[in-house]
Amino acid sequence: MTVADGYVQKVWTFGGTVPGPVIRVRVGDTVRVHLKNPKTSQLGHSIDFHASQVAWNDEMRTINPGEELLYEWTADYAGVWMYHCGTNPTLHHIANGMYGMVIVEPKDGLPEVDREFFFVQSEWYLGPQKDVASLTKAAAAAPAPDFVVFNGIASQYKDHPIQIATGKPVRIFVLDAGPNIDSSFHVVGTIFDTVVKEGIVLARGQANPDHWGSQAVDLSPAQGAIIGFMAAEDGLYPFVTHAFNFVGMGAIGLFQAGDGDPTN
Ligand SMILES: [Cu+2]
């Protein structure tokens, strides 16, 4: 594929973006989502909220173009959750952009931090230019993605580093949307002082009595985590999946702490 202006794919979305919008609630909240499949759409679609407990053949049913449904659920469990289209073939609907993050905070919320970020890792299996993603490539037993990305676009935060403050707590909500590949989320030059992964608190703060820390968070497709860390000094702190074969495919970004220069 020779492409002067980049790769253009026809995507399927929730609300016009890939990933779809982040939905953030607290334990005990009722979430009411009106899913509308526009008349102009060519396919049936659906939505599956992993943060909900509902029957698959009720709220998660596929609706045809021109139809709508109301998906109501109660946020019973805190965490970082995936939502996605579950219409057959689900692999193609996810690979083509229909996924996003739900954050359910504990009832009393999360402690205050300086900055928060939301990263959804996913893969692109390119189809022909201006066409949809390749289901054949996505379905391979040993999938070989063309790009592995944070928030939909390869290397976007390497091209445009994210500013953070030196020595102030940063929180990342990270989700591996797949559809196929694991993440080993790591921020170079930092140690995670807090990790809450899939309901398990691995360590909480330097105040934890045994002073445990974490270097990388392993997430299989549809797993999420809340990660806390600080940049110790001014400088650049790359974030990657530490499955390094995918870093060159776009799974890299940069935090810039302070002025980015450790020498002054
Ligand atoms: Cu769909």
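Higher on the page you've got the structure.
As a convention, each chain's residues are numbered from 1 in the sequence order in which they are written. Local features in a predicted model are, by the rule used here, given only for residues with pLDDT of at least 70; side-chain atom pairs are given and counted only at 80 or more, and totals for whole chains, interfaces and linings are based on all residues. Remark: hydrogens and water are excluded; side-chain values derive from all non-hydrogen atoms of the structure.

## Describing the overall build of the chain
For the chain, the count of helices and strands is three helices and 17 strands. For 264 residues, the compact-globule estimate of 2.2 N^0.38 gives 18 Å, and the chain sits close to it at 19 Å. Burial classes: relative accessible area under 20% of the type maximum marks a residue as buried, over 50% as exposed, and values in between as partly exposed (1.4 Å probe, protein chains only). In the chain, buried positions account for 47% of the 264 residues. To measure how exposed things are, a 1.4 Å probe is used in the Shrake-Rupley method; for residues, cover is taken only from the protein chains shown. On the chain, roughly 12900 Å² of surface is accessible, and the fraction owed to carbon and sulfur atoms is 53%. One way to put it: in the chain the 16 positive side-chain charges average out to a point 6 Å from where the 28 negative ones average out. The helix count covers DSSP runs of H or I at least four residues long, the strand count covers runs of E at least two residues long, and both are numbered beginning at the N terminus. When we talk radius of gyration, it's over C-alpha atoms, and the globule rule is simply 2.2 Å times the number of residues to the 0.38. Charge counting treats Lys and Arg as positive and Asp and Glu as negative, with His and both chain ends excluded. Where a charge lies is defined by one atom per residue type: Lys uses NZ, Arg uses CZ, Asp uses CG and Glu uses CD.

## Focus on unusual backbone geometry
Backbone torsion omega between Val18 and Pro19 reads -5°, so that peptide bond is classified as cis. Locating Pro19 in the fold gives a position in the segment before β1 (23-26). Put simply, Gly178 and Pro179 share a cis peptide bond, and its omega is 20°. Looking at where Pro179 falls in the secondary structure, it is placed in the loop between β10 (170-178) and β11 (183-187). For Asn151, which is not a glycine, the phi torsion comes out positive at approximately 55°. By the secondary structure assignment, Asn151 is in the loop between β8 (147-150) and α3 (156-159). Phi at Glu198 takes a positive value of approximately 50°, unusual for a residue other than glycine.

## Topic: the coordination of the copper ion
At this site the copper ion is bound by His45 (ND1), Cys85 (SG), His93 (ND1) and Met98 (SD), with donor distances of 2.0 to 2.6 Å. Here a donor is an N, O or S atom found within 2.8 Å of the metal, or within 3.2 Å if the metal is Na, K or Ca; sites may look incomplete because water is not among the atoms. Irregular is the label for any site that misses the other tests, which are tetrahedral for four donors with all angles between 85 and 135 degrees, and square planar for four donors or octahedral for six when opposite donors exceed 155 degrees and the remaining angles lie between 65 and 115. One can describe the donor arrangement at the copper ion as irregular, given that its four donor atoms subtend angles of 84 to 135° at the metal. Sequence positions of the donors to the copper ion reduce to the motif H-x39-C-x7-H-x4-M. In terms of burial, His93 and Met98 fall into one category: buried.

## Here we look at the nonpolar core
With 30 residues, the main nonpolar core has Phe119, Ile172, Phe185 and Phe255 as its most contacted residues. Only heavy atoms enter the contact rule, under which two residues are in contact if any of them lie within 4.5 Å. Every residue in contact with Ile172, bar those within four places of it in the chain, is listed here: Phe117, Phe119, Phe185, Val187, Ala225, Ile226, Ile227, Phe229 and Phe255. Core analysis: the next-biggest nonpolar cluster, separate from the first, contains 21 residues, Val31, Ala51, Cys85 and Val104 among them. Grouping buried Ala, Val, Leu, Ile, Met, Phe, Trp, Tyr and Cys residues that are joined through side-chain atoms within 4.5 Å yields what is termed a nonpolar core.

## Digging into the environment of Ile191
Tracing the backbone shows Ile191 in the loop between β11 and β12 (194-197). Of the residues examined, Ile191 reaches a relative accessible area of 61% and is grouped as exposed. The sequence separation of Ile191 and Ile227 amounts to 36 residues, and the corresponding C-alpha distance is 9.9 Å. Beyond its immediate stretch of four places on either side in the chain, Ile191 contacts Gly213, Ser214, Gly228 and Phe229.

## Observations concerning the sheet that holds strand β15 (residues 223-229)
In any sheet, the strands associate via hydrogen bonds between backbone groups, in a parallel or an antiparallel arrangement. Pairing is mixed in the open sheet, where six strands are placed in the order β8-β7-β10-β15-β12-β13. Either end of the sheet is taken by a strand with one partner, and the two such strands are β8 and β13 (200-204). Each strand axis lies, on average, 15° off the axis of its neighbour in the sheet, ignoring direction. For two strands to count as paired, DSSP must find a minimum of two bridges between them. Of the strand pairs in this sheet, β12 and β13 are connected by four bridges, and their pairing is antiparallel. Residue pairing for β13: Val195 is matched across the bridge by Ala203. Simply put, an axis is a line fit to the C-alpha atoms, just over the touching stretch for a helix, and the angle between two N-to-C directions goes from 0 to 180 degrees.

## Considerations on the sheet that holds strand β17 (residues 252-257)
The mixed open sheet is built from five strands, whose spatial order is β9-β17-β16-β11-β14. A strand with exactly one partner marks an edge of an open sheet, and here the two such strands are β9 (162-164) and β14 (217-219). Each strand axis lies, on average, 25° off the axis of its neighbour in the sheet, ignoring direction.

## Let's talk about the packing of aromatic side chains
We call Phe, Tyr and Trp rings a pair once their centres come within 6.5 Å, taking the six-membered ring for Trp, and we label the pair stacked below 30 degrees between planes, edge-to-face above 60, and tilted otherwise. Counting across every chain of the model gives 21 aromatic pairs. Taking the centre distance of 5.0 Å and the plane angle of 90° together, the rings of Phe49 and Tyr71 count as edge-to-face. With a gap of 22 residues between them, Phe49 in strand β3 (residues 48-49) and Tyr71 in strand β4 (residues 68-74) connect regions that are remote in the sequence. Judged by its relative accessible area of 0%, Tyr71 is buried. Connected via pairs of aromatic rings, a cluster forms that spans Phe117, Phe119, Phe150, Tyr157, Phe185, Phe192, Phe229, Phe239 and Phe255.

Shape is all these values report; function is a separate question.
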